[in-house]
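Single-letter residue listing:
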Amino acid sequence: MSEQMNYGEDYKFIPVTSVMSGLGQEVTSDIYSLTIQVVNLCMVGNTNHSQAWTLIDAGMPKSADKIIHEAENRFGTDARPNAIVLTHGHFDHVGAIIELIEHWDVPVYAHELEIPYLTGVKSYPAPDPTVEGGLVAKMSPYFPNEPINLGSHVKPLPSDGTVPSMLEWNWIHTPGHSPGHISLYRQSDGALIAGDAFVTVKQESLFKTLVQDQEISGPPRYLTTDWQQAWDSVKKLSDLKPQIAITGHGMPMKGQELTDNLTKLAIDFDVIAIPKYGRYVDGSQN
Ligand SMILES: [Zn+2]
Ligand SMILES: [Zn+2]
């Protein structure tokens, strides 16, 4: 390895879990969603090609062994993705990425606005423990927010919307939760990998997170810094009329249930998603 990669200094195992932790499910024949504690990652590709699949997001801190094991179970012992694509760089989506890069020696792609947070240049704003939204928000100062440094292993996504190694897919800029947040969309079957642009479990409730009680919701509140952008992003995704959505937190949602809930979220985002109070709500951002 030509250069040193490192996690932020506040990187650590986070003791949260859910009933879905460790479970994987085939959402379509070529999309496998795996839950690591409370966050989902996806393996996209046909199982008859052990080296022609892509990993979307990289789980929680200290979960690399589990991710590699699951990949080998699904794609065979020589399983190795051709790339890792990140929806964004929050700790719960890049938790195992350095070990995975070292193990697989693969390129990582992220939106160019997210690259500073992945190359040690910028820290995300501190999570807001004062935001309306219960226990997980109160725990959030404990979450890592210092930047990791992946050096030259991370590259910007092509500006034309294509996704390297994912031929049928396009990336869509869905900022708000983070500046360079992206979602991935495949028009042929309406499959959407939405990251944290919206989620299907109310992440602020420790109980609902634990039991994965299904409820469409805006992005996790304690880390979202631009609510107007976040609303615009949900409208953009709703306009696509996706048929299947896999979100960063919560269970996949499909069909009419997805259409109804996402339409409602796009219309009533101010009521459903935007917290009534919190550091990043009034737009002052400090
Ligand atoms: Zn996030
Ligand atoms: Zn997340």
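Parameters and conventions
- All residue numbers refer to positions counted from 1 along the written sequence of the respective chain.
- Here every chain gets a letter starting at A, and every ligand a number starting at 1, in the order they are written.
- The model is predicted, so local features are restricted to residues of pLDDT at least 70 and side-chain atom pairs to those at 80 or more, both for listing and for counting; the totals for chains, interfaces and linings are taken over all residues.
- Note that water and hydrogens are dropped before the side-chain values are worked out from all heavy atoms of the structure.
- Coordination here is defined by N, O and S atoms within 2.8 Å of the metal (3.2 Å for Na, K and Ca), and since water is not considered, a site can look incomplete.
- The geometry test gives tetrahedral to four donors whose angles all lie between 85 and 135 degrees, gives square planar to four donors and octahedral to six donors whose opposite members are over 155 degrees apart with all other angles between 65 and 115, and gives irregular to the rest.
- Burial classification: accessible surface area is computed with a 1.4 Å probe over protein chains only, and a residue below 20% of its type maximum counts as buried, one above 50% as exposed, and the rest as partly exposed.
- In this analysis, axes come from line fits to C-alpha atoms, helices being fitted only over the stretch in contact, and the angle between any two N-to-C directions falls in the range 0 to 180 degrees.
- The helix count covers DSSP runs of H or I at least four residues long, the strand count covers runs of E at least two residues long, and both are numbered beginning at the N terminus.
- With respect to orientation, any angle under 35 degrees is reported as roughly parallel, any angle over 145 as roughly antiparallel, any angle of 65 to 115 as roughly perpendicular, and every other angle as oblique.
- Working rule for handedness: look at the near helix, and if it is turned counterclockwise from the far one by less than a right angle, call the crossing left-handed; if clockwise, right-handed.
- In what follows, residue pairs with any heavy atoms lying within 4.5 Å of each other are defined as contacts.
- Note that Gly is not counted as nonpolar here; it falls among the polar residues with everything else outside the nonpolar set of Ala, Val, Leu, Ile, Met, Phe, Trp, Tyr, Cys and Pro and the charged set of Asp, Glu, Lys and Arg.
- Aromatic pairs are defined between Phe, Tyr and Trp rings, using the six-membered ring for Trp, whenever the two ring centres lie within 6.5 Å; interplanar angles under 30 degrees are classed as stacked, those over 60 as edge-to-face, and all others as tilted.
- The criterion for a charge sitting over a ring is simple: Lys NZ or Arg CZ within 6 Å of the ring centre, and within 35 degrees of the ring normal.
- If DSSP finds at least two bridges between two strands, the strands pair.

Participant: Residues and numbers for the coordination of the zinc ion (ligand 2), please.
Facilitator: All of the protein donors around the zinc ion (ligand 2) are Asp-92 (OD), His-93 (NE2), Asp-196 (OD) and His-249 (NE2); their distances to the metal are 2.1 to 2.4 Å. Taken together, the four donor atoms coordinating the zinc ion (ligand 2) and their angles of 85 to 157 degrees define a geometry best described as irregular. Expressed as a motif, the donor residue spacing for the zinc ion (ligand 2) is D-H-x102-D-x52-H. In this model, the zinc ion (ligand 2) sits 3.3 Å from the zinc ion (ligand 1), the two metals being bridged by Asp-196.

Participant: Could you give an account of the coordination of the zinc ion (ligand 1), naming the residues involved and the relevant values?
Facilitator: The coordination sphere of the zinc ion (ligand 1) contains the protein donors His-88 (NE2), His-90 (ND1), His-177 (NE2) and Asp-196 (OD), at a distance range of 2.1 to 2.3 Å. Angles of 89 to 178 degrees at the metal separate the four donor atoms of the zinc ion (ligand 1), which places the site in the irregular class. Considered as a linear motif, the donors of the zinc ion (ligand 1) on their single chain read H-x1-H-x86-H-x18-D. Classification of Asp-196 as buried rests on a relative accessible area of 1%.

Participant: Mind laying out the packing of helix H1 (residues 64-75) against helix H2 (residues 97-104), listing which residues take part and the relevant values?
Facilitator: It is at 9 Å that the axes of H1 and H2 come closest, and there the two elements cross at 45 degrees. Accordingly, the angle class assigned to the pair H1 and H2 is oblique. Considering only the axes of H1 and H2, their crossing is right-handed. Contact residues: H1 offers Ala-64, Ile-67, Ile-68, Ala-71 and Glu-72, while H2 offers Glu-99, Leu-100, His-103 and Trp-104. Tallied by class, residues from the contact of H1 with H2 come to six nonpolar, one polar and two charged.

Participant: Describe the packing of aromatic side chains, and please don't skip the residues or the numbers.
Facilitator: This model, assessed by the stated rule, comprises eight aromatic pairs. Both rings, one in Tyr-7 and one in Tyr-11, keep their centres 3.8 Å apart while their planes meet at 10 degrees; by these two values the pair is stacked. Look at Tyr-7 and you get buried, because its relative accessible area is 14%. Within the aromatic cluster, the residues linked to one another by ring pairs are Trp-53, Phe-75 and Trp-104. Looking at Lys-12, its charged tip hangs above the ring of Tyr-142, at a distance of 4.4 Å from the centre.

Participant: Give me the pairing of strand S1 (residues 24-28): which residues, what numbers.
Facilitator: Strand direction decides the pairing type here: S1 and strand S2 (residues 31-36), joined by four bridges, are antiparallel. Bridge assignment links Glu-26 to a residue of S2, and that residue is Tyr-32. Counting the residues in the hairpin turn of S1 and S2 gives two residues.

Participant: Which residues make up the pairing of strand S14 (residues 244-247), and what values do they have?
Facilitator: Here S14 shows a buried face lined by Ile-244 and Ile-246 and a second buried face lined by Ala-245 and Thr-247. In the sheet, strand S11 (residues 191-195) pairs with S14 via four bridges, with the strands oriented parallel. Within S14, the position partnered with Gly-195 by the bridge is Thr-247. By the bridge criterion, two bridges tie S14 to strand S15 (residues 253-254) in an arrangement that is antiparallel. Bridging from a neighbouring strand, Ala-245 pairs with Met-253 of S15. In this structure, the hairpin formed by S14 and S15 is closed by a connection of five residues, where Gly-250 is found at a positive phi of approximately 95 degrees.

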